[in-house]
Amino acid sequence: MCIQMRRTDREVTVRAEIDEIVRGSLVCRVAMAKDNLPYLVPLCFGYDGTALYVHTAAEGKKIEHFEANQQVCFEFERNVELRRDAHSACKWSMTYESVIGYGTIAELMEPAAKEQALNQIMRQYSGRNWPLDATSVASVRVWKITIASMTGKRSVIKADVLSLSAPAGEPS
């Protein structure tokens, strides 16, 4: 699936930069649909460059949606900042970096695959693997989102763009 971005001037096209935005995010929002009704949830996640990993309780609304429709949309954001203007409400803005993508979700059933995915989640937040006991691994459901496509977007104020593009030693 290839999505055309309307604001190509804000598009992030370098995969390493998209990966950096994902890895620098604290939350993954996953959108799903069941019976033509959308549902969106914020989740902790792990990312290995080709897939996302999330975990859930044994039952719940998310699982009902995952099982009804394996197609999902996901979103990440970082470096979000409100930009105020003291004189004009129309000049208020936001700066941010974001990634939106699409994929297919499937439950991981094998204990070794679940443990690997749970450690991918832990590496996202702690930078390391953790010993996981079999009882803990068995008590949660673990899901893999195979990524079909991702697009990145960056919104910065004009002064930020000027300072990024000015040659070294020259004022922006």
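One can find the structure itself at the top, above this paragraph.
Residues numbered from 1 in each chain as written. Predicted model: local features only at pLDDT ≥ 70, side-chain atom pairs only at ≥ 80, totals over all residues. Heavy atoms only, no water.

Trainee: What am I meant to see in the overall build of the chain here?
Mentor: Secondary structure summary: the chain contains 5 helices and 8 strands in total. Listing each helix as α and each strand as β along the chain from the N terminus yields β-α-β-β-β-β-α-β-β-α-α-β-α. When burial is assessed residue by residue, the chain has 32% of its 172 residues classed as buried. Excluding contacts between residues fewer than 6 apart, the proportion of contacts in the chain whose partners are at least 24 apart in sequence is 70%. Carbon together with sulfur atoms contributes 54% to the accessible area of the chain, which is approximately 10,700 Å² in total. (Helix = DSSP H or I, 4+ residues; strand = E, 2+ residues; numbered from the N terminus. Buried < 20%, exposed > 50% of the residue type's maximum accessible area, 1.4 Å probe, protein only. Contact = heavy atoms within 4.5 Å. Areas by Shrake-Rupley, 256 points an atom, 1.4 Å probe, with all protein chains shown as cover.)

Trainee: Is there a simple way to explain the side chain of Gln-120 in this structure?
Mentor: Counting through the fold element by element, Gln-120 comes out in helix H3 (residues 111-126). Contact partners of Gln-120, with chain neighbours within four places excluded, come to Gly-46, Tyr-47, Asp-48 and Tyr-53.

Trainee: Can you help me understand the side chain of Arg-141 in this one?
Mentor: Its place among the elements puts Arg-141 in strand S8 (residues 141-155). For Arg-141, a relative accessible area of 17% puts it in the buried group. A distance of 2.9 Å separates a polar side-chain atom of Arg-141 from the backbone oxygen of Ala-58. Only 3.0 Å separates the side chain of Arg-141 from the side chain of Glu-67, close enough to count as a polar contact. The residues contacting Arg-141, other than those within four sequence positions of it, are Val-54, His-55, Thr-56, Ala-57, Ala-58, Ile-63, Glu-67 and Glu-107. (Polar contact = N/O pair within 3.5 Å; in protein donor to acceptor, adjacent residues only side chain to side chain.)

Trainee: Just checking my understanding: could you explain the pattern of salt bridges for this structure?
Mentor: Once their charged atoms are close, side chains differing in charge can pair, the charge on each being opposite to the other. The tally for this structure, following the rule as stated, stands at 11 salt bridges. Among the ionic pairs, Glu-81 bridges to Arg-83, the shortest N-O distance being 3.7 Å. In this structure Arg-83 comes out as partly exposed when scored by relative accessible area, which is 21%. Here Arg-154 ties to Glu-97 by a salt bridge, and the two come within 2.9 Å at their closest N and O atoms. You can see Arg-154 sitting in strand S8 and its partner Glu-97 sitting in strand S7 (residues 93-108), a full 57 residues away along the chain. (Salt bridge = Lys/Arg side-chain N within 4 Å of Asp/Glu carboxyl O.)

Trainee: Quick question: what am I supposed to make of the nonpolar core here?
Mentor: A general tendency of soluble globular proteins is for nonpolar side chains to be buried together. Residues Val-30, Phe-45, Leu-52, Phe-74, Phe-76 and Met-150 are the most contacted members of the largest nonpolar core, which totals 24 residues. Of all the secondary-structure elements, those providing two or more residues to this core are helix H1 (15-23), strand S2 (28-34), strand S3 (37-43), strand S5 (51-56), helix H2 (61-68), strand S6 (71-83), S7 and S8. Non-local contacts of Phe-45, meaning those with residues more than four positions away in its chain, are made with Val-22, Ser-25, Leu-26, Val-27, Cys-28, Leu-52, Tyr-53, Val-54, Phe-76, Ile-121, Gln-124 and Tyr-125. Counting residues in hydrophobic clusters, the runner-up holds 8 residues, among them Tyr-53, Leu-108, Leu-118 and Ile-121. (Core = buried A, V, L, I, M, F, W, Y, C linked by side-chain atoms within 4.5 Å.)

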